[in-house]
Every structure is written in structure tokens, then in C-alpha cells.
Amino acid sequence: MKKNELTEKHNEKGSKGFYAALGISAVMIGAACLFAHKQGDRLPQIDSYTRSNSVVQENTVSRQVTNIQVTTAPANITKTTATAPLITEAPLQTLPAAEIKVDAPFKDNVYIEQAELAATDMSEVRSPLEDMSNIICEFSNGELVKNSTTGTWQTHNGTDIAAEVGTDVYAVAAGEIESVSNDPLWGVTIVINHMNGYITKYCGMGSDLAIKKGDRVDGGDILGAVGETADIESSIPPHLHFEVTHNGKFIDPMSLISN
């Protein structure tokens, strides 16, 4: 008997423990389900809040960007533009024929002098030396000839006329002294511009001259005297090297003198 009672009591305690554990498990499962349900309800709210908050922020940024005011000049500032003053032309006046005067064209002294010189042609040309009979070297007309001083072949653009040192040299025609120089090759040189396309050149002269640059001369005026200053032709006897150009082109000086 006692053994059965103990067994029943033991079984009774075991049943109570099983049901108690079962109940606790059920409670825990219920609590877990309830917690999960509540968390599920909160998630959409959080997501909705996040989305709404982001939209609000985006709208705020958008409003700030689109509502930026651009500074412009005040409306009451007016621009001024320069305008040319109105010019009112005076009415034309008709003068009687007796009162109309026509001024003569202006001519300065240089123009008048050149016109006077140009009127002088080269038909009356005198020789640069009294004695023109002894020609040492003729005009080469562009052909190469051997220079006895330098030993080189070159054109001879003038005429060499033999004369004693100190022999007078004359201007062949009227003109103006364009230059007076001491050329390294041709020695003391005088250039006369005859204002009609002709220019004459006198080389190898002495240093004692009767003229200076800018002087006006007539045909037959003494320029100076024959010298021995032309180093490029120092191997030949004393002479005058005489050149003539017409419109910039060398011509035979003897053809001009013979005319």
C-alpha cells in the first residue's frame, strides 16, 4: 500500500511539472509572437517616417535652390548713351561771279627750283675737262673688264680721262650738288643732280673743292681739281673718273658730251 501511494504521489508531481513546463513554453511562445507582431507594426512606421522625412528634406533643398534670388541692377537706374550733337548746316549762299576768287596753287621754293632745273635739258653740255683727248679707260656698257689695280674683272661704269693733278674740273650742266664725300675706293667724289633724270659723278678729285653740298651750279662752274685719291684706280696715271646716269641707268658719258 505504501509503495503505491508513493508511486502515485511521484507520478502526480511529475505530471504537475510537465504541465508547468508546457505552460511556461506556451507563455514564452505567445510573448515572442506578440513581440514580433509589435515589431512588425513598428517597422512600416519607421520606414514611412524615414521616407516622409527624406521627402521633406528634399523638398526643403529644392525650395532653397529654386528660390535663390539673383541680384539685378535696381530698376530705377537708367543708362545714358552718348549722342552726337545735332549739326545744323548753314544755308548755302550764292556769291556773285565778280566776288569769286581762285587762289593760285601753292609752290614752295624747292618746287620752283626743281621746276626751273628740269626745264634745262642736257642739250648744252660742256666737257668736265678742257682737254678730253686722252681717254685711258672707256665705258664698258655692262661688260666685264680687268681692273689693272685690283686684278679683278668688273664693269667700268664711267670714263677715265687723263689729266695732270690740279687740273680744273667743271660742272657739265646746271644742277644741285647732291653730295660731297670721300669714298674709300673712289676718293673725293662730287655728285650733281640735274633735276631732269640725269646725275653726273666726278671721282678721284683733290680735297681742295670750290663747292659744298646743296650749292646750285651752272654748266662750266669750277667744282675743284683733279687729284690722286681714287685707290681703286691708283695704278693708272692721274685722271678724272667721270660717270653719268639717266633715270638710274649708267650711260656712256662721252655720248652725253658729244651731244
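Residues numbered from 1 in each chain as written. Predicted model: local features only at pLDDT ≥ 70, side-chain atom pairs only at ≥ 80, totals over all residues. Heavy atoms only, no water.

(A) Inspection of the overall build of the chain at higher detail. What the chain contains, in helices and strands, is 3 helices and 12 strands. Evaluated residue by residue, the chain yields a buried proportion of 23% over its 259 residues. Within the chain, contacts between residues separated by at least 24 positions form 64% of all contacts whose residues are at least 6 apart in sequence. (Helix = DSSP H or I, 4+ residues; strand = E, 2+ residues; numbered from the N terminus. Buried < 20%, exposed > 50% of the residue type's maximum accessible area, 1.4 Å probe, protein only. Contact = heavy atoms within 4.5 Å.)

(B) Representation of the layout of surface pockets in the model. Its volume calculated, the largest pocket comes out at about 160 Å³. Residue lining of the largest pocket: 14 residues in total, with Cys137, Lys146, Asn147, Ser148 and Asp160 positioned closest to the centre. Among the elements of the structure, β1 (135-137), β2 (144-146) and β3 (153-155) are those that each provide at least two residues to the lining of the largest pocket. In terms of residue class, the lining of the largest pocket is built from 4 nonpolar, 7 polar and 3 charged. (1 Å grid on protein atoms, 1.4 Å probe; cavity = no way out; pocket = protein on both sides within 12 Å on 5 of 7 lines; lining within 4 Å. Points joined across faces, edges and corners; volume = space filled by probe spheres on them. Nonpolar A, V, L, I, M, F, W, Y, C, P; charged D, E, K, R; others polar.)

(C) Molecular detail of the nonpolar core. Within the largest apolar cluster, 26 residues are counted, with the highest numbers of intra-cluster contacts made by Tyr202 and Leu223. Going through the elements one at a time, β7 (187-193), β8 (198-205), β11 (239-246) and α3 (253-258) are the ones with two or more residues in this core. (Core = buried A, V, L, I, M, F, W, Y, C linked by side-chain atoms within 4.5 Å.)

(D) Spatial organisation of the packing of aromatic side chains. A complete count under the given rule lists 1 aromatic pair for this structure. Relative to Phe242, the ring of Tyr202 has its centre 5.2 Å away and its plane inclined at 40°; by these criteria the two rings are tilted. With a gap of 40 residues between them, Tyr202 in strand β8 and Phe242 in strand β11 connect regions that are remote in the sequence. The pair formed by Tyr202 and Phe242 is uniform in burial state, with each residue classed as buried. One Lys or Arg, Arg126, reaches over the ring of Tyr170 and ends 4.0 Å from the middle of that ring. (Phe/Tyr/Trp six-rings, centres within 6.5 Å; stacked < 30°, edge-to-face > 60°. Lys NZ or Arg CZ within 6 Å of the ring centre and 35° of its normal.)

(E) Structural detail: the pairing of β8. Counting buried positions over the 8 residues of β8 gives 6, a clear majority of the element. Sheet topology note: the β7/β8 ladder contains 5 bridges and is antiparallel. Within β8, the position partnered with Ile192 by the bridge is Thr200. In this sheet, β11 lies alongside β8 in antiparallel orientation, the contact comprising 6 bridges. Bridging from a neighbouring strand, Tyr198 pairs with His246 of β11. (Pairing = 2+ DSSP bridges.)

(F) Broad picture of the pattern of salt bridges. Using the criterion set out here, one finds 2 salt bridges in the structure. Where Arg126 meets Glu130, a salt bridge forms, and the shortest distance between an N and an O atom there is 3.7 Å. When the shortest N-O distance is used, the salt bridge between Asp215 and Lys212 registers 3.2 Å. (Salt bridge = Lys/Arg side-chain N within 4 Å of Asp/Glu carboxyl O.)

(G) Molecular detail of the confidence of the model for the chain. Here the chain shows a mean pLDDT of 74. Residues at 70 or above account for 56%. Low pLDDT, under 50, characterises residues 43-66; the stretch is placed with 0 contacts to residues that sit more than four places away or in other chains. (pLDDT = per-residue confidence, 0-100.)

(H) How the structure looks around the environment of Asp208. Structurally, Asp208 can be placed in the loop between β8 and β9 (216-217). Sequence separation between Asp208 and Val188 is 20 residues; the distance between their C-alpha atoms is 9.6 Å.

(I) Local environment of the side chain of His194. You can see His194 is positioned in the loop between β7 and β8. We classify His194 as buried; its relative accessible area is 1%. A distance of 2.8 Å separates a polar atom in the side chain of His194 from a polar atom in the side chain of Thr200. (Polar contact = N/O pair within 3.5 Å; in protein donor to acceptor, adjacent residues only side chain to side chain.)

(J) How the structure looks around the pairing of strand β4 (residues 159-162). Residue alternation in β4 divides its side chains into two sets, Thr159 and Ile161 and Asp160 and Ala162, and both sets are buried. Bridge count for β1 against β4 is 2 bridges, and the pairing is antiparallel. Paired with Cys137 across the strands is Asp160, a residue of β4. As paired strands, β4 and β11 are joined by 4 bridges and run antiparallel to one another. The residue bridging Ile161 from the neighbouring strand is Leu240, located in β11.

(K) Broad picture of unusual backbone geometry. Phi is positive for Asn141, which is not a glycine, with a value near 55°. Positionally, Asn141 belongs in the loop between β1 and β2. When its relative accessible area of 58% is taken as the criterion, Asn141 is described as exposed. Phi angles above zero are rare outside glycine, and Met195 is one such case at about 60°. Secondary-structure assignment places Met195 in the loop between β7 and β8.

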